[in-house]
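# What the coordinates show
One letter stands for each residue in the lines below.
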Amino acid sequence: MEVVILPSADRVADVAADIVARLVAGRSRPTIGLATGSSPLATYARLIERYQREKLSFAGAAAVTLDEYVGLPEDHPEAYRAVIRREFVDHVDLPLDALHSPDVHTDDLACACDRYDRTVTGLGVDVQLLGIGSDGHVGFNEPGSSLTSRTRVKTLTTRTRQDNARFFGTVDDVPRHVVTQGLGTICDAGHLVMIATGSTKADPIAAMVEGPVAAACPASVLQFHRHATVLVDEAAAVGLRLADYYREAHRHKPGWQPL
Ligand code: F6R
């Protein structure tokens, strides 16, 4: 796991966007894993700017979303497919039929989860953007999730529903159930890029990076991944015991070794 401490949330977005842009420019059929929530929004804004200004094209790319609420109508503004279209996909040339997300509007959710897992695995995610929940969730894998889990239905914790109430108005409006890529599914991606900014992320980031690998902090599974990059601003880094070492390692990173 490589931890990169950057001076501001803006720089975090720049570096995350650079990683995605390098993938998209360098491969003919790349697959990008997209997260929702607030954390990647500035990254999406940077990628849209690069599409508009530099003609960075997503025409040959595919994208997969991490998770989706169960029980919201398809056109609900907080349905994650709608969010990802509004914040990113509808502003670039990524074809809409190349945007894959879990089908939550079916009577057979279990079957739809298996199908989505096969879709994600079949495409092979090159770079997966991630955010972290205040309880250490990644995707919507809440504490207690199996570290090898596959796409399935999960129940959100009260804490996550309270955190996400800001998007809905009241906590009662936040769905209880979601479909999420499992931790095993997420870890199949070639490169995991965690984006975390602000002081509310300091505790979960410290637990993820320096705590034990445990289902109690699902994001800690990233410690097992061969290529996980953790992009944090100063506020999100305050709980890291080895912060000085991460800074030094980044300062002396060999030029031939990109993030
Ligand atoms: C969203 C997702 C979640 C969020 C996490 C952090 O697709 O998978 O894991 O990344 O809840 O949310 P924000 O970024 O809003 O703090």
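Criteria and thresholds
- Residues numbered from 1 in each chain as written.
- Predicted model: local features only at pLDDT ≥ 70, side-chain atom pairs only at ≥ 80, totals over all residues.
- Heavy atoms only, no water.
- Helix = DSSP H or I, 4+ residues; strand = E, 2+ residues; numbered from the N terminus.
- Polar contact = N/O pair within 3.5 Å; in protein donor to acceptor, adjacent residues only side chain to side chain.
- Contact = heavy atoms within 4.5 Å.
- Near = heavy atom within 4 Å.
- Nonpolar A, V, L, I, M, F, W, Y, C, P; charged D, E, K, R; others polar.
- Salt bridge = Lys/Arg side-chain N within 4 Å of Asp/Glu carboxyl O.
- Axes fitted to C-alpha atoms, helices over the stretch in contact; angles between N-to-C directions.
- Parallel < 35°, antiparallel > 145°, perpendicular 65-115°, else oblique.
- Left-handed = near helix turned anticlockwise from the far one by under 90°.
- Buried < 20%, exposed > 50% of the residue type's maximum accessible area, 1.4 Å probe, protein only.
- Pairing = 2+ DSSP bridges.
- Right-handed = clockwise from strand over helix to strand, strands pointing away.
- Arc of directions from axis to C-beta.

### A closer look at the side chain of threonine 185
Structurally, the position occupied by threonine 185 is in helix α6 (residues 183-187). Within the structure, the side chain of threonine 185 is placed 3.4 Å from the backbone nitrogen of threonine 151, a separation counted as a polar contact. Non-local contacts of threonine 185, meaning those with residues more than four positions away in its chain, are made with Asp117, Val120, Ser149, Arg150 and Thr151.

### Some words on the site of the ligand
Contacts to the ligand come from 15 residues, most closely from Thr36, Ser39, Asp67, Gly139 and Lys201. Serine 38 places a polar main-chain atom, nitrogen or oxygen, 2.8 Å from an oxygen atom of the ligand. In this structure, lysine 201 approaches the ligand through a side-chain N or O atom, which is 2.6 Å from an oxygen atom. Along the lines of polarity and charge, the residues of the shell around the ligand split into four nonpolar, eight polar and three charged.

### Quick word on the pattern of salt bridges
Oppositely charged side chains are able to pair whenever their charged atoms sit close together. In the structure shown here, the tally under the stated rule is 15 salt bridges. The salt bridge involving aspartate 18 is made with arginine 50; its shortest N-O contact spans 2.6 Å. With a gap of 32 residues between them, aspartate 18 in helix α1 (residues 9-26) and arginine 50 in helix α2 (residues 41-54) connect regions that are remote in the sequence. Across the pair arginine 50 and glutamate 54 runs a salt bridge, and its minimum N-O distance is 3.3 Å. Placement of both arginine 50 and glutamate 54 in helix α2 is noted, with a separation of four residues, approximately one turn of the helix. Three or more residues joined by partner-sharing salt bridges are found here, namely Asp10, Arg11, Asp14 and Arg46.

### Remarks on the packing of α1 against α2
Viewed as axis vectors pointing N to C, α1 and α2 meet at an angle of 55°, and their least axial separation amounts to 8 Å. Taken together, α1 and α2 sit at an angle that is classed as oblique. At the point where α1 passes α2, the crossing takes the right-handed sense. Listed contacts from α2 to Asp10, Ala13, Asp14, Ala16, Ala17, Asp18, Val20 and Ala21 of α1 are Ala42, Thr43, Arg46, Leu47 and Arg50. Among the residues forming the contact of α1 with α2, the class breakdown is seven nonpolar, one polar and five charged.

### Observations regarding the pairing of strand β2 (residues 31-34)
Residues Thr31 and Gly33 line one face of β2 and the alternating positions Ile32 and Leu34 line the opposite face, and both faces are buried. When β2 meets strand β3 (residues 62-65), the two strands line up parallel, connected through four bridges. Each bridged residue has a counterpart across the sheet, and for leucine 34 the counterpart in β3 is threonine 65. The handedness of the β2 to β3 crossover, carried by α2, is right-handed. In this structure, β2 lies alongside strand β6 (residues 127-130), joined through two bridges in parallel fashion. Residue pairing across strands places isoleucine 32 opposite valine 127, the latter belonging to β6.

### Quick look at the sheet that holds strand β8 (residues 177-180)
The pairing of strands in a sheet comes from backbone hydrogen bonds and takes either a parallel or an antiparallel form. Overall, antiparallel pairing links the three strands, which are arranged β4-β8-β7 in an open sheet. Every interior strand has two partners, whereas the edge strands, β4 (67-69) and β7 (152-155), have only one. Here the average twist between neighbouring strands, direction ignored, is 30°. Two elements, β7 and β8, share four bridges in a ladder whose sense is antiparallel. Across the sheet, arginine 152 pairs through a bridge with threonine 180, a residue of β8.

### Notes on the sheet that holds strand β9 (residues 191-196)
An order of β1-β10-β9-β6-β2-β3-β5 is seen for the seven strands of this open sheet, with the pairing classed as parallel. Since the sheet does not close on itself, it has two edges, and those belong to β1 (2-6) and β5 (99-100), each with one partner. Sheet topology note: the β9/strand β10 (residues 228-233) ladder contains five bridges and is parallel. Of the residues in β10, the one forming a bridge with valine 193 is threonine 229.

### A closer look at helix α3 (residues 80-87)
Three or more residues of α3 are buried, namely Tyr80, Val83 and Ile84. Angular distribution of buried residues about the axis of α3 spans 95°; they occupy a single face of the element.

### Section: the environment of alanine 59
Turning to its location among the elements, alanine 59 is positioned in the loop between α2 and β3. A relative accessible area of 41% places alanine 59 in the partly exposed class. Remark: the alpha-carbon pair of alanine 59 and alanine 110, spanning 51 residues in sequence, is separated by 32 Å. Ignoring anything within four residues of it in the chain, the contact list for alanine 59 reads Asp93 and Pro95.

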